[in-house]
Amino acid sequence: MEFSPAMIAAIQQASHIAVLTGAGISAESGVPTFREAQTGLYAQVNPQELASLEGFRQNPMLVWEWYSWRRSIVTAANPNPGHKALVAMEQRTPNFTLITQNVDGLHRRAGSQNVLELHGNLMNTRCSQENILITGWQISETIPPKCPNCGAFLRPDVVWFGENLPVLTLQKATQAATSCQVFLSIGTSAIVEPAASLPFLALQHGADVIEVNPEPTPLSKLVAFTLRGAAGIILPELVQAVWGWDH
Ligand code: OAD
């Protein structure tokens, strides 16, 4: 794949690179993207309903089991060459911030170090009342399981529709978007706020923005460089073109 020399130079010269990833980077690991039709057991399910506090209150058992199913898919999945290319990029960049909307934990499993999980991580569980992480609980027949401290239902440690993002994580992501020289938007439809504002913030602060996506998004007409294709194909070739990484 041919890359623009200007884009390669921008990446090589950047002291701070920020990356925003969405479900598209995990698609090649077999994890369905958010807006793909829900497959399998939950084909009829509307994620926007289940992934909400209201949905949990109305049907805690269904929501808990939907996340258990998603956890099983993610546990069986493996990081793909796109995740691994971002690890190599992080190792070759003085200051690197990986911001992800994904809750699958695959960036950390690939070896990425500085990861900001804007929407949480479905492998973690927290008390729905105390909002503290819970690592162990009595296995019983009640679903969802109960908090060992207070008896409230446990819930996945993810951001649901209508909930606020973790404040410190969002502050760090915003700081990275406004101070980086290069911002890559990878595998995201760039429509869900506040994550979708980050590439626009980077643009406003003069960063070179690169989009990696097989499809156009609202960001596409504004970015300096568009790489049309799958992240698992493009990213390893990009890191090789910039740093000679033999992926
Ligand atoms: P979407 O499902 O909205 O978008 C996935 C994007 O990935 C699309 O633009 C696809 O074209 C692209 N894509 C698909 N396969 C790809 C591949 N192999 N390589 C690169 N790109 C590929 O998922 P997100 O943008 O992540 O929020 O959705 C953002 C948020 O919306 C989610 O985090 C979730 C949802 O509401 C919460 O749960 C709070």
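Just so it is clear, the structure is predicted and the values come from calculations on it, not from any experiment. (Residues numbered from 1 in each chain as written. Predicted model: local features only at pLDDT ≥ 70, side-chain atom pairs only at ≥ 80, totals over all residues. Heavy atoms only, no water.)

**A closer look at the nonpolar core**
Rule in force here: Think of a nonpolar core as a cluster: buried Ala, Val, Leu, Ile, Met, Phe, Trp, Tyr and Cys residues, connected wherever their side-chain atoms sit within 4.5 Å. To sort residues, take the accessible area from a 1.4 Å probe on protein chains only and compare it with the maximum for the residue type: under 20% means buried, over 50% means exposed, and anything in between is partly exposed. The helix and strand labels rest on DSSP assignments: H or I over at least four residues marks a helix, E over at least two residues marks a strand, and numbering proceeds from the N terminus. Any two residues whose heavy atoms approach within 4.5 Å are treated as being in contact.
Counting 30 residues, the largest nonpolar core has I17, L184, I186, L235 and L238 as the members making the most contacts within it. Of all the secondary structure elements, the ones that give two or more residues to this core are α1 (5-13), β1 (16-21), α6 (81-91), β2 (95-100), β6 (182-186), β7 (208-212), β8 (225-227) and α10 (231-243). Top element by residues in this core is α10. It accounts for 6 residues. Those residues in contact with I17 that lie beyond four places of it in its chain are I11, M89, T93, N95, F96, T97, C180, V182 and L184. The next biggest cluster of nonpolar side chains, apart from the first, holds 19 residues, and it includes L20, L116, L118 and A176.

**Points about helix α5 (residues 60-76)**
Convention followed: By definition here, a helix of n residues has an expected span of 1.5 Å times n minus one.
Over its 17 residues, α5 runs 24 Å from end to end, which matches the ideal 24 Å to within 8%, given 1.5 Å per residue. As for α5, its buried residues are in contact with α3 (47-50), α4 (53-58), α7 (106-110), β4 (120-127) and β5 (154-158).

**Some details on the packing of aromatic side chains**
Counted only if it meets this: Whether two aromatic rings pair depends on their centres lying within 6.5 Å, for rings of Phe, Tyr and Trp, where Trp uses its six-membered ring; planes under 30 degrees apart make the pair stacked, over 60 edge-to-face, and the rest tilted. Here, over-ring charges are defined by two tests on the NZ atom of lysine or the CZ atom of arginine: distance to the ring centre within 6 Å, and angle to the ring normal within 35 degrees.
The tally for this structure, following the rule as stated, stands at 5 aromatic pairs. Judged by centre distance (6.4 Å) and plane angle (75 degrees), the ring pair of F56 and F153 falls under edge-to-face. Placement of F56 in helix α4 and of F153 in the loop between β4 and β5 is noted, with a sequence separation of 97 residues between them. Accessibility expressed as a relative area gives 29% for F153, which makes it partly exposed. Ring geometry for W66 and Y67: centres 5.0 Å apart, planes at 70 degrees, overall edge-to-face. The class for Y67 is buried, based on a relative accessible area of 3%. Feature note: the residues F56, W66, Y67, F153 and W160 constitute an aromatic cluster, connected by ring pairs. It is R155 that lies over the ring of W160; its NZ or CZ is 3.7 Å from the centre.

**Observations regarding the pairing of β2**
Stated formally: Criterion used throughout: strands pair if DSSP finds at least two bridges between them.
In terms of burial, β2 is a largely internal element, 5 of the 6 residues being buried. Strand direction decides the pairing type here: β2 and strand β3 (residues 115-117), joined by 3 bridges, are parallel. Bridge pairing in β3 places L98 opposite V115.

**Looking at the sheet that holds β7**
Quick note on the threshold: Each axis is a line fitted through C-alpha atoms, taken for helices only over the stretch in contact, and angles between the N-to-C directions span 0 to 180 degrees.
Pairing is parallel across the open sheet formed by 6 strands, whose spatial order is β3-β2-β1-β6-β7-β8. Looking at the sheet topology across the chains shown, the edges are occupied by β3 and β8. Here the strands of the sheet are splayed against their neighbours by 15 degrees on average, with no regard to which way each runs. Strands β1, β2, β3 and β6 of the sheet are contacted by helix α8 (residues 167-179), whose axis makes an angle of about 125 degrees with β3.

**Topic: the side chain of S29**
Quick note on the threshold: Each polar contact in these results corresponds to two N or O atoms within 3.5 Å; when the atoms are within protein, one needs to be able to donate a hydrogen and the other to accept it, and residues that are neighboring in sequence are counted only if both atoms are side-chain atoms.
Within the secondary structure, S29 sits in the loop between α2 (24-27) and α3. Here N80 takes part through its side chain, which lies 2.9 Å from a polar atom of the side chain of S29. Once residues within four sequence positions are removed from consideration, S29 is found in contact with A77, N78, P79, N80, H83 and L106.

**With respect to the site of the ligand**
To keep things clear, this is the line we draw: For each residue, the test is whether any non-hydrogen atom lies within 4 Å of the molecule or strand; if one does, the residue is near. Note that accessible areas follow from Shrake-Rupley with a 1.4 Å probe, and for residues the cover is restricted to the protein chains shown.
Taken together, 21 residues lie around the ligand, and A23, R35, T188, S189 and N213 are the ones closest in. Note that an oxygen atom of the ligand is positioned 2.8 Å from one of the side-chain N or O atoms of T188. Note that a nitrogen atom of the ligand is positioned 2.9 Å from one of the backbone N or O atoms of A231. Contact with the protein chains covers 89% of the free accessible surface of the ligand, which is 800 Å².

**Quick notes on unusual backbone geometry**
Cis geometry is found at the peptide bond from I143 to P144, where omega equals 0 degrees. For P144, the position within the fold is in the loop between β4 and β5. Geometrically, the link from E193 to P194 is a cis peptide bond, its omega value of 0 degrees lying close to zero. Here P194 lies in the loop between β6 and α9 (197-204).

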